[in-house]
Amino acid sequence: MGRAEVLWRQVRNARRWPGIATPRLMARTGAACYLFGGLLVLLLVALEPSNFRVLTAIYLEAGVSITVGVATFLVGPRLRSWQFQLLVVSAIALITVAVSEAGVPATAVSLATLYAFVAFAAFFLSWPQSVAYLTLAVVCCTAVLHTVMAVSRWSALIVCSSTVVMGCVIALLGQLMVGAERDPATGLPNRRGFDRLLAREIDRAQSGGLSPVVLLLRLELFNDIDRSLGHEAGNQLLRSTLKSWRQELSSEHVLTRVGTDEFAVLLLRATEHDGVALSHRLRAVTSTDFSAGVTGWQLGEAAAAVSARSDVALRRAKLAGRNRTVLESAGLPTLARELAEAIADGAVGVLYQPIVSLADGNQIVGVEALARWTSPTRPDLSIAEVIAMAENSNLIATLDRFVLRRACLDLGWMCEQRNGLPLTLTVNVSGLDLIESNYAATVSETLTDTGWPAGKLVLEVTESVVDVDTPSALATLRELRTHGVRVAIDDFGTGYSTLSRLQNLPIDLLKLDASFTTATSLDSGSAPPPLLQAIAALARALDLPVVIEGVETQLQANAMQDVGFTMAQGYFFGRPQTRELIVDQLTVA
Ligand code: G
Ligand code: G
Ligand code: MN
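Here's what I pulled together on the structure shown here. (Residues numbered from 1 in each chain as written. Chains lettered and ligands numbered in written order. Predicted model: local features only at pLDDT ≥ 70, side-chain atom pairs only at ≥ 80, totals over all residues. Heavy atoms only, no water.)

## Looking at the overall build of the chain
Counting secondary structure elements, the chain contains 23 helices and 13 strands. For a compact globule of 589 residues, the expected C-alpha radius of gyration is about 25 Å, and the chain comes in at 36 Å, more than 25% above that figure. For the chain, the spread of C-alpha atoms along the principal axes amounts to about 115 × 55 × 45 Å. With 589 residues in all, the chain has 50% of them scored as buried. The long-range share in the chain, meaning contacts at least 24 apart out of those at least 6 apart in sequence, stands at 71%. Approximately 27,000 Å² of the chain is accessible, and the part contributed by carbon and sulfur atoms is 60%. (Helix = DSSP H or I, 4+ residues; strand = E, 2+ residues; numbered from the N terminus. Rg over C-alpha atoms; globule rule 2.2 N^0.38 Å. Buried < 20%, exposed > 50% of the residue type's maximum accessible area, 1.4 Å probe, protein only. Contact = heavy atoms within 4.5 Å. Areas by Shrake-Rupley, 256 points an atom, 1.4 Å probe, with all protein chains shown as cover.)

## Some words on the site of ligand 2
Around ligand 2 sit 14 residues in total, of which Gln 353, Asp 491, Glu 549, Glu 552 and Tyr 571 are the nearest. One nitrogen or oxygen atom from the side chain of Gln 353 is found 2.9 Å from a nitrogen atom belonging to ligand 2. Residue Glu 368 places a side-chain N or O atom 3.0 Å away from an oxygen atom belonging to ligand 2. Compared with its free state, where it exposes 520 Å², ligand 2 has 70% of that area covered by protein. If you map ligand 2 onto the pockets, it falls in the second largest pocket. The set of elements that each furnish at least two residues to the shell around ligand 2 consists of β7 (363–372) and β10 (486–492). A class-by-class count of the residues in the shell around ligand 2 yields 3 nonpolar, 4 polar and 7 charged. (Near = heavy atom within 4 Å. Polar contact = N/O pair within 3.5 Å; in protein donor to acceptor, adjacent residues only side chain to side chain. 1 Å grid on protein atoms, 1.4 Å probe; cavity = no way out; pocket = protein on both sides within 12 Å on 5 of 7 lines; lining within 4 Å. Sits in = over half its atoms within 2 Å of the grid points. Nonpolar A, V, L, I, M, F, W, Y, C, P; charged D, E, K, R; others polar.)

## Thoughts on the sheet that holds strand β12 (residues 546–548)
The mixed closed barrel is built from 8 strands, whose spatial order is β6-β7-β8-β9-β10-β11-β12-β13. Adjacent strand axes in the sheet meet at a mean angle of 30 degrees, parallel and antiparallel pairs treated alike. Sheet strands touched by helix α15 (residues 396–417): β6 (349–357), β7, β8 (424–429) and β9 (457–461). Its angle to β8, the strand with the most contacts, is close to 170 degrees. (Pairing = 2+ DSSP bridges. Axes fitted to C-alpha atoms, helices over the stretch in contact; angles between N-to-C directions.)

## Digging into a nonpolar patch on the surface
On the surface, Phe 36, Leu 39, Leu 40, Leu 43 and Leu 47 cluster together into a nonpolar patch covering about 530 Å² of accessible area. By the secondary structure assignment, Leu 39 is in helix α2 (residues 23–47). (Patch = residues over 30% accessible without salt bridge, like charges linked within 9 Å, V, L, I, M, F, W, Y side chains within 5 Å. Salt bridge = Lys/Arg side-chain N within 4 Å of Asp/Glu carboxyl O.)

## Thoughts on the sheet that holds strand β1 (residues 213–219)
Strand order across the open sheet formed by 5 strands is β2-β3-β1-β4-β5, with mixed pairing between neighbours. Only two strands of the sheet have a single neighbouring strand rather than two, namely β2 (253–257) and β5 (325–327). Averaged over all neighbouring strand pairs, the angle between strand axes comes to 20 degrees, with direction disregarded. Here β1 runs beside strand β3 (residues 262–267); their pairing, made up of 6 bridges, is antiparallel. Looking at β3, one finds that Arg 218 is bridged to Glu 262.

## Let's talk about the packing of aromatic side chains
If you walk through the whole model with that rule in mind, you get 6 aromatic pairs. Both rings, one in Trp 245 and one in Phe 290, keep their centres 5.5 Å apart while their planes meet at 85 degrees; by these two values the pair is edge-to-face. With Trp 245 in helix α10 (residues 231–248) and Phe 290 in strand β4 (residues 290–296), this pair connects stretches of sequence that are 45 residues apart. We note that Trp 245, like Phe 290, is buried. Between Phe 572 and Phe 573, the ring centres sit 5.1 Å apart and the planes meet at 70 degrees, which makes this aromatic pair edge-to-face. On the accessibility criterion, Phe 573 (11% relative accessible area) is buried. Members of the aromatic cluster, joined through ring pairs, are Phe 84, Phe 123 and Phe 124. The ring of Tyr 571 has Arg 575 sitting right over it, with the charged end atom 3.8 Å from the ring centre. It is Arg 579 that lies over the ring of Trp 413; its NZ or CZ is 3.9 Å from the centre. (Phe/Tyr/Trp six-rings, centres within 6.5 Å; stacked < 30°, edge-to-face > 60°. Lys NZ or Arg CZ within 6 Å of the ring centre and 35° of its normal.)

As structure tokens, this is what we get:
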């Protein structure tokens with residue numbers, strides 16, 4: 001972009017700067033001018049009534065001016081730019097009429113100084129608009145003084161030229177202010193600009209309507225590229241990324257640059273889920289990886305609280321692996337509140353699904369604990385949806401901790417009923433638990449409290465919200481294993497675990513996703529599907545036992561045993577059920 005083009009863009013956009021020339025400030029400035037203009041005229045008429053031609057006309061005018069001033073003040077932040085421009089034009093008209101009502105030239109000239117108010121408009125309008133209104137003021141002033149009052153043309157011009165000078169100075173000062181809040185490399189608002197915009201939007205939202213949402217984005221590779229390949233390469237990356245993002249941004253989205261590799265999109269009237277959805281759309285239009293944190297504003301909150309929470313969300317997204325979005329919700333919506341209460345009241349149920357040994361005549365060797373809860377207001381939600389909601393509203397750690405404790409106690413009870421049968425307990429764990437700093441300690445504490453042995457606990461991890469190989473998750477898994485707890489990858493085959501990473505992950509077990517069982521149509525007598533044979537070989541090579549999920553028929557169970565798998569789970573062996581029903585089956589076996 002050439003220097004001239006940059007300059008022109010600055011000139012064109014200067015007055016549309018959203019954070020500084022706010023509608024509220026615009027309304028207050030307009031209101032002050034109308035009010036004081038009206039009062040000054042009133043004062044002048046009261047002091048020197050003989051200097052005016054028709055008194056009622058000038059009183060009427062002063063009254064109109066004061067009324068418009070009050071009305072504009074009341075409109076406040078709802079004032080639109082076109083309405084403001086209408087105010088500017090009518091101010092010029094009112095002043096012109098007042099000047100023409102003067103009976104002597106001295107009074108006319110003193111009234112003409114009111115044209116100076118027009119200069120303030122230059123702060124709120126674009127350069128072309130400002131030039132147009134200042135010109136209009138000059139023309140009207142010169143015309144009315146010269147033609148009606150017979151003031152010499154040059155004297156008349158001098159009276160209003162001060163207005164033009166003031167307008168230009170005000171416009172330039174505004175431009176300087178804008179510069180202080182703009183990132184020179186991208187032309188976007190910088191951190192200060194963002195803070196001001198957020199504060200303004202919160203100010204607006206206080207008076208009702210949808211509240212602002214912050215989407216914080218950190219480019220993963222920007223700093224590396226900038227350091228290793230130089231600034232030009234870094235800027236190139238920035239330019240191409242911003243260009244792609246802009247396709248997805250509307251006038252309701254204000255993009256700002258809040259750090260070298262950090263951007264914030266302010267969604268003016270949106271929900272937190274709009275923010276999450278936007279992050280996914282931005283990801284879809286560019287190949288540049290970024291972590292994203294989303295949060296919304298809640299009634300009564302200060303801007304700083306929202307900023308701080310968006311930072312937390314971004315940090316958690318970064319911990320969760322590459323290219324993730326994390327929502328740190330402002331307030332718990334109804335559903336989350338219900339779940340939080342249910343956990344606190346112990347009203348979340350836990351069912352147990354048998355895990356059997358195919359080699360030992362389908363004997364139960366363990367159970368998987370599965371949470372059960374039905375929302376009173378949304379009974380249609382599946383538990384998987386409830387889990388996802390808990391992950392989005394910061395409740396998952398509490399839920400998982402509750403399930404773990406309940407399951408350890410229940411398993412202790414089951415073994416007591418059956419004189420210490422060797423059962424293994426398997427519990428689901430969200431990836432978000434793993435990136436909490438004290439998760440491993442929480443688990444050992446629960447084991448100590450409930451007396452369940454660490455060696456008989458398997459934690460199942462899915463990769464749905466966190467990559468298992470992020471440093472913080474890996475550290476937690478390693479620590480858990482030093483305590484003797486085993487780790488399984490749940491839904492294996494559907495997550496992100498590539499084969500190359502598999503041998504380095506600190507895991508003990510694979511749970512093969514049910515889709516492999518259902519997708520393979522297994523006829524008796526036919527050869528086992530090659531994919532299953534390959535998976536079995538792979539697991540043997542890595543020395544990782546496999547639990548087959550989703551076995552629903554005898555045929556599937558046989559086929560899986562033929563391939564060489566030793567453990568399985570599924571409706572064929574037993575549905576998720578209460579601890580009492582599990583104990584009954586243990587008797588039969
Ligand atoms: O039976 P089923 O509908 O229970 O489980 C649905 C999904 O919810 C599964 O993917 C399962 O792993 C997950 N799930 C069930 N209970 C829990 C739990 O206590 N914690 C976590 N994090 N996930 C669970
Ligand atoms: O993701 P995870 O493996 O934890 O999910 C366990 C889920 O699978 C639970 O919802 C459980 O109810 C369900 N499930 C367990 N066995 C079967 C089965 O044989 N068929 C089907 N369709 N679902 C099963
Ligand atoms: Mn599971």
